[in-house]
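Tertiary structure, described
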Amino acid sequence: MSSQPYTAGLHQSSTQSHRQAAPKRPLPNRADEPPKRALIGQNGQNTPSGGGTPNSTGNAEVDVKQQLLNYQKIFDHASYPFINDVSAYEKLSKIGQGTFGEVFKARCKTTGRMVALKKILMENEKEGFPITALREVKMLEQLKHQNITDLIEVCSAKTGSTSTSKDRTTFYLVFAFCEHDLAGLLSNPKVRMSLVHIKTMMKHLITGLNKLHRSKILHRDMKAANVLISKEGVLKLADFGLARPFVQRENPNHPRPLYTNRVVTLWYRPPELLLGDRAYGTKIDVWGAGCIMAEMWTRQPIMQGDTEQKQLTLISALCGSINPEVWPNCVKMPLYSAMAAEPNSALPQGKGRCLKLKIRHLMKFDSADGKPQSDPYGKKTNDQVPSDDDAMNLLENLLAIDPDRRPTADEAEDDIWFYKDPVPRANVGDLMDTIPTSQFEYTVGKGAHAGRGRHHNNPQRPHQAPRQSNAIPAGQYRDTIF
Ligand SMILES: Nc1ncnc2c1ncn2[C@@H]1O[C@H](COP(=O)(O)OP(=O)(O)OP(=O)(O)O)[C@@H](O)[C@H]1O
């Protein structure tokens, strides 16, 4: 692979500035307003106590708690005239159990439109609307794009009083319903994809990612399970629960802001995160896009490690040894030196890059006719490596060990592969027509996304209780995402 930064394709770098809207002025901290936490995100403050400035009386902690309780009362009894009641939708079935709460398939009672209702888990109810959900809403509002999940509105519902619980407001995010998710589609042997399907879906994926990055947002949980496909065959990036805005440094000499490093589902996690980088950027999502691209052929995640060390070993086995020769800045990674020095290092040396060859081995074949299930080239036999050099070049670049050598989403969107025959289509509607039922119905119970890289080292969802099976073992590194 080239030692130069990525330059392939018909790239015309976008220098357009896509600034985020200026943050709104924080609302004054008045007693007749909902808790500051519920309004948070407007000033970037997020203290564990939910905001509020300690006074000089020495009872600061008590004051803050009392203030929060007062706010909570207002919050609970407030009416929300500008948001619909969830009763506007008829719940049809439960289709998912996200980390943040349940997801239902529902129908709008007036328009008949199908939607996904994602219930916001009010874990720390006293602290108001969860900051993470609020952040997700704010980002999705900015991200109106055909390749990004469409947030229609936020709805509320009052949960009834019982002897044990008070009247509470529950919130739902209402999304346009998508019939399928890519992980479910790929795991269904009946779904046979041609090269143009793969190329079209990759084009959509990268276009959505480019929109995200131009909007100065990192996704941080790229994986096939977070890629939805509408029944019209349009792919949508979904699950912004771990996403966050990032700051582009104007001056390269300024220190890069540090983010939490426990993001991205393990199987899709790039080497820089595994080596402890906290000053990462958009290229972490580009690595995820590369893993997803390979999966289009292999029909299963390509590197299924169960620990961070194992994941690094698998990356080395597929993409070659991790060292300063292929990635000069790897020595700056917080964990590199210690890991490289270990006797049975997770960074084995002397491994060549054999991505192309291994992808061939990982390709699934139908026992009946010996053709790959995805049948991307129509006439392949088990002995043939993918003959599409352009596809393989893009894949090689997306999965470059050195993040600086990975293309940006903007560059990848303009890659030469997308201009060669068969060119991507507007959608993969014809593929969707071959699938009789919704993928969610097909996988319901098993969970369309169950078990795909989430068993261990689940990315951290701050301020939320991870599901039992995904819990981060006590004592492991934790920090907070801002
Ligand atoms: N627009 C949609 N259309 C159909 N189903 C959806 C939609 N959005 C979400 N879902 C379903 O709900 C599940 C959970 O949603 P989402 O991934 O956004 O929540 P999460 O709490 O972040 O979940 P996870 O823990 O799986 O990452 C998805 O895996 C999917 O099955």
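Values in this document were obtained by computation on a predicted structure and should not be read as measured data.

What the three strands build is an open sheet, ordered β6-β8-β9; its pairing is antiparallel. Looking at strand neighbours, the two that pair on one side only are β6 (180–181) and β9 (235–237), the edges of this open sheet. As judged from the two bridges shared by β6 and strand β8 (residues 227–229), these two strands associate in the antiparallel manner. Along β8, the bridge assignment pairs aspartate 181 with leucine 228. In the packing of helix α5 (residues 195–214) onto the sheet, contacts are made with β8 and β9, and the angle to β9 comes to roughly 35 degrees.

Partitioning the chain into structural domains gives domain 1 (84–176) and domain 2 (180–456). The partner domain 2 presents 22 residues to the 18 residues of domain 1 that form the contact. Counting the surface lost from both domain 1 and domain 2, the interface buries some 1,600 Å², and carbon and sulfur atoms represent 60% of this. Counting the surface domain 1 buries against domain 2, the share from its top three residues, Met139, Leu143 and Asn147, is 32%. Applying the counting criterion to the domain 1 and domain 2 interface returns zero salt bridges. Joining domain 1 to domain 2, the criterion identifies four residue pairs in polar contact (both at pLDDT 80 or more). Among the elements of the structure, β1 (89–98) and α3 (131–142) are those that each provide at least two residues to the side of domain 1 that touches domain 2. Examining the composition of the side of domain 1 that touches domain 2, we find that five residues originate from one element, α3, more than from any other. Looking at the side of domain 1 that touches domain 2 residue by residue, the class counts come to six nonpolar, six polar and six charged.

To continue, consider the pattern of salt bridges. Taken as a whole and judged by the stated rule, the model has 15 salt bridges. For arginine 107, the salt bridge is made with glutamate 90, and the minimal N-O distance between the two is 3.2 Å. Placement of arginine 107 in strand β2 (residues 101–108) and of glutamate 90 in strand β1 is noted, with a sequence separation of 17 residues between them. The partly exposed category is assigned to glutamate 90, whose relative accessible area is 37%. Note that glutamate 136 is salt-bridged to lysine 118, the shortest N-O span being 3.2 Å. A residue pair is termed long-range when its members are at least 10 positions apart, and glutamate 136 in helix α3 and lysine 118 in strand β3 (residues 114–119) qualify at 18 residues. In this structure, glutamate 136 and lysine 118 share a single accessibility class: buried.

Turning our attention to the nonpolar core. Of all hydrophobic cores here, the largest spans 97 residues; its most connected members are Leu182, Met201, Leu205, Leu275, Met293 and Trp417. Element by element, the count of residues in this core is highest for helix α7 (residues 283–298), at 10 residues. Structurally, this core is a two-domain feature, drawing no fewer than three residues from each of domain 1 (84–176) and domain 2 (180–456). Contact partners of methionine 201, with chain neighbours within four places excluded, come to Leu182, Met193, Ile229, Leu235, Met296, Val428 and Leu431. Core analysis: the next-biggest nonpolar cluster, separate from the first, contains 11 residues, Phe104, Ala106, Cys108 and Ala157 among them.

Topologically, lysine 211 is positioned in helix α5. Glutamate 413 provides the closest opposite charge to the buried, unpaired lysine 211, separated from it by 11 Å. Ignoring sequence-local partners within four residues, the contact set of lysine 211 consists of Gln142, Leu143, Lys144, His145 and Ile148.

Turning to its location among the elements, threonine 298 is positioned in helix α7. Judged by relative accessible area, threonine 298 falls into the buried class, the value being 0%. Sequence separation between threonine 298 and valine 196 is 102 residues; the distance between their C-alpha atoms is 16 Å. Among the polar contacts made by the side chain of threonine 298, one reaches the main-chain carbonyl oxygen of glutamine 300 at a distance of 2.7 Å.

In this section: the confidence of the model for the chain. Detailed conclusions should not be drawn from predicted coordinates in areas where pLDDT is low. For the chain, the mean per-residue pLDDT works out to 75, and 65% of the residues sit at or above 70. Segment residues 7–58: pLDDT under 50, and 87 contacts once partners within four positions in sequence are set aside and those in other chains are kept. This complex was scored by the predictor with a pTM of 0.76 and an ipTM of 0.95.

Another point: the packing of α7 against helix α11 (residues 389–398). Where α7 contacts α11, the two axes come as close as 8 Å, and the packing angle between them is 140 degrees. Considering only the axes of α7 and α11, their crossing is left-handed. Together, Val286, Trp287, Ala289, Gly290, Met293, Ala294 and Trp297 of α7 and Ala391, Leu394, Leu395 and Leu398 of α11 make up the contact between the two elements. A per-class count over the contact of α7 with α11 returns 10 nonpolar, one polar and no charged.

What counts, and at which threshold
- Residues numbered from 1 in each chain as written.
- Predicted model: local features only at pLDDT ≥ 70, side-chain atom pairs only at ≥ 80, totals over all residues.
- Heavy atoms only, no water.
- Pairing = 2+ DSSP bridges.
- Helix = DSSP H or I, 4+ residues; strand = E, 2+ residues; numbered from the N terminus.
- Contact = heavy atoms within 4.5 Å.
- Axes fitted to C-alpha atoms, helices over the stretch in contact; angles between N-to-C directions.
- Domains from an automatic or database assignment.
- Buried area = accessible area lost by both parts, 1.4 Å probe.
- Salt bridge = Lys/Arg side-chain N within 4 Å of Asp/Glu carboxyl O.
- Polar contact = N/O pair within 3.5 Å; in protein donor to acceptor, adjacent residues only side chain to side chain.
- Nonpolar A, V, L, I, M, F, W, Y, C, P; charged D, E, K, R; others polar.
- Buried < 20%, exposed > 50% of the residue type's maximum accessible area, 1.4 Å probe, protein only.
- Core = buried A, V, L, I, M, F, W, Y, C linked by side-chain atoms within 4.5 Å.
- Lys, Arg positive; Asp, Glu negative; His and termini not counted.
- pLDDT = per-residue confidence, 0-100.
- Left-handed = near helix turned anticlockwise from the far one by under 90°.

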